[in-house]
Each structure stands twice: as C-alpha cells, then as structure tokens.
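Results of the structural survey
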Amino acid sequence: MAQEYKLKDVSSLADIKNFDKVEAEVEGVQDGKVLLVKVDDKVHAISPKCTHYGAPLKLGVVSPEGRITCPWHGACFNVKSGDIEDAPAPAALNTFELQERDGAVYIRGEESAIKSGQRISEHKCSASGPGGLVIVGGGSGTLGVILAIRELGYTGAITIISREPSLIIDRTKLSKALIPDPEKIQWRSPEWYKEVGIETVSDEVTSVDFEQKTVVTRGGKTFPYTKLVLATGGVPRSLPIEGFQLLENIFKLRTVTDVQAILNAIGEEKKKNVVVIGSSFIGMEVGNALAKENSVTIVGQEKAPLERVMGYEVGRIFQRNLEKAGVKFALSAGVAKATPSEKEARKVGAVHLQDGTVLPADVVILGVGVRPATDFLQGNPAVSLEKDGSLKVDEHFAVPGLDNNVFAIGDIATYPYHGPGTDPEKGTYTRIEHWNVAQNAGRSVASSIVHALKSPSSQLQKTKPKVFIPIFWSALGSQLRYCGNTPNGWDDLILQGEPDEGKFVAFYTKGDVVVAVATMGVDPVMVKSAELMRRGNMLSKSEIQAGGDVLKVGVPEGVKI
C-alpha cells in the first residue's frame, strides 16, 4: 500500500535547479533513496540506480527532453515516467509523487517500490496461434524487441525461435566473468515469457520463404509470420590451421555451454596453461578472467592489443593492466599450428607460433572474431547478402523489398549509422557488433512494427527513426567505456588523463570531428560525450586541444532530437 515518506535533508524543491540531480534518503525505509531531477521547472522523483548494473544515476546526464542517461553503460530512462528510453536497461525505474509542505518534502509510494528501484513491465497477454511476430535468434536484439513491443501495446502472438542453449542471457558476462549457470544471468524467467504471451522454441531456422511468409526449422516445423525479425547474431570464427580442427580442449566462447566446457577443462585444481588466441575484446576479457588462478598467454597479431581499433597507446594501457593481473602476451605473432599433449594425444598440448616459439597449452580459447549467422539465407532469391554475409537494412532496420515485414538487427545487420563523421543525410553503412546496438535496434524495430500496425497507410520510411549513439564497455583490468563509431576510420588520437595509471580519456578524431570517445576511471565523460554526439554539439578536435571540457558543455545548447 502506498504511504507518505519524508525526505531527509531536502526542505524545498525550489532550491533545485533545472537539470540538477539530488539524491535523497527516505525516512522510515532502510537504505531507501530516491533521485530528484528537475526538468522544465518541475521536479520528478525516481529510483536512484540504473536497473542494468546499479550505477548511481546522480552521476548521469539529463537532457532537455527529460531523459537521464546512466554514467556507466548508456542505459536511458524517461525522468517523468521512469520508462526505458535506451538499452541496456532491462527494467523501468519506479516513480513517486512529490509534495512539499511546512518546510519539508515528501514522496508517496510503496515501500517495496522504494527498495526495489525498478519496475518490470508484465503486460500480461495470452496471445497465441499462427502468424503474428516471429523472432529468429535469442540474443540482445531479441531482448530489445520483446521488452519494448509489449510496452508499446502490441497484443499479437510472439514466437522466439533460437538455437541458443538457454533463454536470453546477459552474454556480456560470459567472457568477463565466465558464469556457467544460465539462471544467474537470464534477463527474464521462463514464467515471465508465459505471462506476457511469448512462445519460445528451441530449434534452428534453416530457411525462410519470404513470399509465403513462413519460417522452417531443422526440427521440421513451419512457422507462419506477419512480421519477422532476424536477430541470429554471430558465429565465432575458427582457425583453419593444423591441429585446430581435430584436437580437444580448443574452445570458442559464445554460449553458456561454451563456458561450462572451458571451466570443465580447467577443472577444480586450476593452474592450467591457457593460451588465448586473439587480442580482441573477447580474448582480453576471458584472459583477464582466468589469469588469477591459471597461467594465461594472449597471442595477438598487432603490436599492442586492440591496436587497430583503439590505437597503440591505448592498447598498451590495456596490456599493462592485464600484465599486472599476471597475463603474458605474445604480440606481433602468427600462429603456425597446435600439437597434441604427450599425456593425452586427443587433447591439445601446445601452440606453436610462426617465429618458432612453443607455448604449453592445456586449454586454448579462440577470440578471433565472429561472422554474421546468415547461413540459412544463403542462396535465397528474395535477399542479397553483403560480402561479409550480413543483410543491408534501412534506417528502420527493415530489409528492402519485403514491404516492411522483415527486419534484421544486431551482428547480421549492416545499417546506416548517423553519428559524427558520417554523411549527415545518408549516414554511413556499417555493421556494429555491440550488445547495446543490437538491443537498441530491437527497440527501434518494435516501435516500427507497432507504428505500421496502428497506421497501415503511413509509410514507415517517411517517419524519422530514433537516433542512438553506439556504446560498449569492457573489463580490461579496469572498466573501459566507449561511445561513437569509426566506419570511416580515425586519423588522430588525443589522449588525456593519467595513462600510466590506467586513467584516461581518449578522443578519436577524423579531421576536426570527434568520432569516438573511450574512457577509463573518469565516469561520466563517455555518456556525456554520447549525449553531445546525439544532439550534434560534441566538442571538436580543435576545441579539445584548446582546453575544452566535455563535462562543462551544456546539453541544452544542442539541437533537440
């Protein structure tokens, strides 16, 4: 039952300025807090922590439209309603009524809502039967679709067909923490899917008939659809090198079962020789996660980890961080072959590098990238795949030529990115393998589907799609935050802070335009930069070189989006 609670140390709402954020304790509720945010001369009371990983929203960024963005990973909420605006938020914030009297400020709400800090939208629905929305894939993009589409009022049948070994999980934790129990990282319980009328099918789609609007699975079933979302993600690449196709204890990392297999090979005693091939984000994260109790060597082709993406100087920061944790590196190196163990011939025993170096290996993990999981579309006359195997889509993630009935998102979608450094009208087509991009694309598709169903005569392509700036994060000894994208490359890097201490801001520039920003240990510079990029008033290279400070740039100065 809702009750009234007094806020500590807040005596007047008039003292709060527009865009200010004030965290206040709630009297009578143990550890209870709310966040007061003022927008358009009105103060709103919301839960104080992001529903993703619990970041303090008081360090976030508030925009004139009433959005508040998490300082860690870019999750965004509506200040007035608490609703999700951007990924990776899995649940909305709770909101509370405010009242001021007799020199004190009170909120009204339920104690459980104050303590929980989040509102999981149930939107109970019993829709079933043939047709409706069919989603192929069980990753972040699918999560974005299903969370948003019920919130937007869609009541039709929803079917998820996925070959994933579990319901949708927080895949980012696989490489960062190697969690083998899917229930600990599932975003929603099996009961939730039933309550909101979503059927989950464990099977692999083998073909799509776009003319008949049907999907066929390996299990021999046919599913008709009204709207179809393709979100099949990526397939980890293999190494077509001697020994890597036949020997055991050589693993890829994409699913919970992969984690289980890796941990089983390492065993309870640990202290194994682990060779990670690829100084990619996945390779670096899993190497960092295993280094505490094992001997880990990361093999990379570049002079510094992630040099091509992040630059040599920043890559060396990551390398030093992991070396402090005990990770060893073999860089500027090529892999020649893998050879069997002397004790067990069927298992790997060593990795040989092209320069003759031999690395003992009880376990080998491949982190050499992924390719779009679109094998089921090869040769389909209704679609044309790009050279990398992806599907080219429009700004709404609709596949051209299919009457806005088919959408593609996530790792399989090449879409027009409209961030800084791209064509202001057409954008630049690119494919981005980020958790947030897939989920935000899913939310965008949900909006497009609902719009099309509510306004059949309205042309989707004439509506303006929602702009979002790609954000990703990584655990590389410290927490890396990154926003923006570089589809047209970058030609200069401005590095600020204390790089030797692993605390920095890196501005990636193309000409005078800042196209991406990476940070460690200086929250919330990244999300402030992302908001400025979204609004078109990010500082330029010359302004930063002249001493400009992102945190001092007023968000209201930009163009409203």
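All values derive from a computational prediction rather than experimental measurement.

Scoring rules and cut-offs
- Residues numbered from 1 in each chain as written.
- Predicted model: local features only at pLDDT ≥ 70, side-chain atom pairs only at ≥ 80, totals over all residues.
- Heavy atoms only, no water.
- Helix = DSSP H or I, 4+ residues; strand = E, 2+ residues; numbered from the N terminus.
- Rg over C-alpha atoms; globule rule 2.2 N^0.38 Å.
- Buried < 20%, exposed > 50% of the residue type's maximum accessible area, 1.4 Å probe, protein only.
- Contact = heavy atoms within 4.5 Å.
- Areas by Shrake-Rupley, 256 points an atom, 1.4 Å probe, with all protein chains shown as cover.
- Lys, Arg positive; Asp, Glu negative; His and termini not counted.
- Salt bridge = Lys/Arg side-chain N within 4 Å of Asp/Glu carboxyl O.
- Core = buried A, V, L, I, M, F, W, Y, C linked by side-chain atoms within 4.5 Å.
- 1 Å grid on protein atoms, 1.4 Å probe; cavity = no way out; pocket = protein on both sides within 12 Å on 5 of 7 lines; lining within 4 Å.
- Points joined across faces, edges and corners; volume = space filled by probe spheres on them.
- Nonpolar A, V, L, I, M, F, W, Y, C, P; charged D, E, K, R; others polar.
- Phe/Tyr/Trp six-rings, centres within 6.5 Å; stacked < 30°, edge-to-face > 60°.
- Lys NZ or Arg CZ within 6 Å of the ring centre and 35° of its normal.
- Pairing = 2+ DSSP bridges.
- Axes fitted to C-alpha atoms, helices over the stretch in contact; angles between N-to-C directions.
- Expected span 1.5 Å × (residues − 1).

**Some points on the overall build of the protein chain**
The number of helices and strands found in the protein chain is twelve helices and 36 strands. Expected size for 561 residues packed as a compact globule is a radius of gyration near 24 Å; at 25 Å, the protein chain falls within 12% of this value. When the backbone C-alpha atoms are referred to their principal axes, the protein chain occupies close to 80 × 60 × 50 Å. Burial statistics for the protein chain: of 561 residues in total, 55% are counted as buried. Taking all contacts inside the protein chain whose residues are at least 6 apart in sequence as the whole, residues at least 24 apart take part in 59%. Taken as a whole, the protein chain presents about 24400 Å² of accessible surface, with 46% of it coming from carbon and sulfur.

**Considerations on the side chain of K227**
As for its position among the elements, K227 is in strand β17 (residues 227-230). Despite its burial, K227 pairs with no opposite charge, the nearest such side chain being D403 at 9.0 Å. The residues touching K227, leaving out its near neighbours within four places in the chain, are G132, L133, V134, N404, N405, I449, A452 and L453.

**Here we look at the pattern of salt bridges**
Tallied over the entire structure, the rule returns 30 salt bridges. A salt bridge links E531 to R67; its shortest N-O distance comes to 3.6 Å. On the criterion of sequence distance, the pair formed by E531 in helix α11 (residues 525-535) and R67 in strand β6 (residues 67-69) is long-range, its members being 464 residues apart. Residue E531 shares its accessibility class with R67, and that shared class is buried. Counted as one network, the salt bridges with shared partners bring together E65, R67, E85, D86, K466, E531, R534 and R535.

**Concerning the nonpolar core**
It is characteristic of soluble globular proteins that their nonpolar side chains tend to be buried jointly. Counting 82 residues, the largest nonpolar core has L228 and L230 as its most contacted members. Sorting elements by how many residues they give to this core places helix α10 (residues 435-454) first, with seven residues. Sequence-distant contacts of L230, that is, excluding residues within four places in its chain, are made with V136, F376, L377, L391, V406, F407, A408, I409 and I412. In this structure, L290, L322, F472 and V515 belong to the second largest nonpolar core, which totals 42 residues.

**A closer look at the environment of K194**
Of note, K194 is situated in helix α5 (residues 190-195). For K194, a relative accessible area of 69% corresponds to the exposed category.

**Some remarks on the layout of surface pockets**
Estimates place the volume of the second largest pocket at around 750 Å³. Of all the secondary structure elements, the ones that give two or more residues to the lining of the second largest pocket are β30 (413-417), β36 (513-520) and α11. At four residues, α11 tops the list of elements feeding residues into the lining of the second largest pocket. Its residues assigned to classes, the lining of the second largest pocket comprises 18 nonpolar, eight polar and nine charged.

**Focus: the packing of aromatic side chains**
Tallying each qualifying case throughout the model produces seven aromatic pairs. Centre to centre, the rings of Y415 and F468 are 6.4 Å apart; their planes meet at 25 degrees, and the pair counts as stacked. With Y415 in strand β30 and F468 in the loop between α10 and β32 (471-476), this residue pair connects regions lying 53 residues apart in the sequence. Across the pair, exposure class does not vary: Y415 and F468 are buried alike. A connected cluster of aromatic rings, assembled from ring pairs, spans F281, F472, Y482, W490 and Y508. Cation over ring: R101 sits above Y106, and NZ or CZ is 4.2 Å from the ring centre.

**A closer look at empty space enclosed by the protein**
Scanning all chains against the criterion turns up three cavities of 30 Å³ or more. Put simply, the largest cavity is a space of about 120 Å³. Forming the boundary of the largest cavity are 14 residues, of which R67, G74, D86, I469 and I471 lie nearest the centre. Elements supplying a minimum of two residues to the lining of the largest cavity: β6, α10 and α11.

**Things to note about unusual backbone geometry**
Excluding glycine, residues mostly have negative phi values, and the peptide bonds linking residues are mostly trans. With an omega of 10 degrees, the peptide bond running from A87 to P88 counts as cis. Cis rather than trans, the peptide bond between D523 and P524 has omega equal to 0 degrees. Tracing the backbone through its elements, the reader meets P524 in the loop between β36 and α11. Here N249, not a glycine, exhibits a phi torsion of approximately 65 degrees, which is positive. Relative to the assigned elements, N249 resides in the loop between β18 (234-236) and β19 (250-251). The phi dihedral of F397 falls on the positive side, at around 65 degrees, and the residue is not glycine. Mapped onto the fold, F397 is located in the loop between β28 (391-392) and β29 (406-408).

**Things to note about the sheet that holds strand β11 (residues 133-136)**
Taking strand neighbours across the sheet as the criterion, the five strands line up as β13-β12-β11-β17-β29 in an open arrangement whose pairing is parallel. A strand with exactly one partner marks an edge of an open sheet, and here the two such strands are β13 (198-202) and β29. Geometrically, the sheet is characterised by an average inter-axis angle of 15 degrees between neighbouring strands, direction not taken into account.

**Quick word on the pairing of β36**
Consecutive residues of a regular strand have side chains that alternate between opposite faces of the sheet. Of all eight residues in β36, seven are buried, a share of seventy percent or more. Bridge analysis of strand β33 (residues 478-484) against β36 gives five bridges, and the strand direction is antiparallel. In the strand pairing of β36, R481 is matched with T519. Where strand β35 (residues 503-510) meets β36, seven bridges bridge the pair, whose relative direction is antiparallel. In the strand pairing of β36, F504 is matched with M520. Joining the antiparallel neighbours β35 and β36 is a turn of two residues, in which G511 adopts a positive phi near 65 degrees.

**A few points about the sheet that holds β6**
Across the sheet, which stays open at both edges, the four strands sit in the order β5-β6-β7-β8 with antiparallel pairing between neighbours. The open sheet has two free edges, formed respectively by β5 (61-62) and β8 (84-86), since each of these has just one partner strand. Inspection of the sheet shows β5 paired to β6 by two bridges, in the antiparallel sense. Note on β6: the bridge partner recorded for V61 is T69.

**Notes on helix α2 (residues 140-151)**
Helix length check: α2, at twelve residues, gives a terminal C-alpha distance of 17 Å against a target of 16 Å (1.5 Å per residue), a fit within 8%. Burial analysis of α2 places eleven of its twelve residues in the buried class, which makes it a mostly covered element. Every buried residue of α2 is accounted for by S140, G141, T142, L143, G144, V145, I146, L147, A148, I149 and R150. Buried residues along α2 sit against β11, β12 (158-162), α5, β13, β17 and α10. Trailing α2 by a residue or two, G153 shows a phi angle of about 100 degrees, which is positive.

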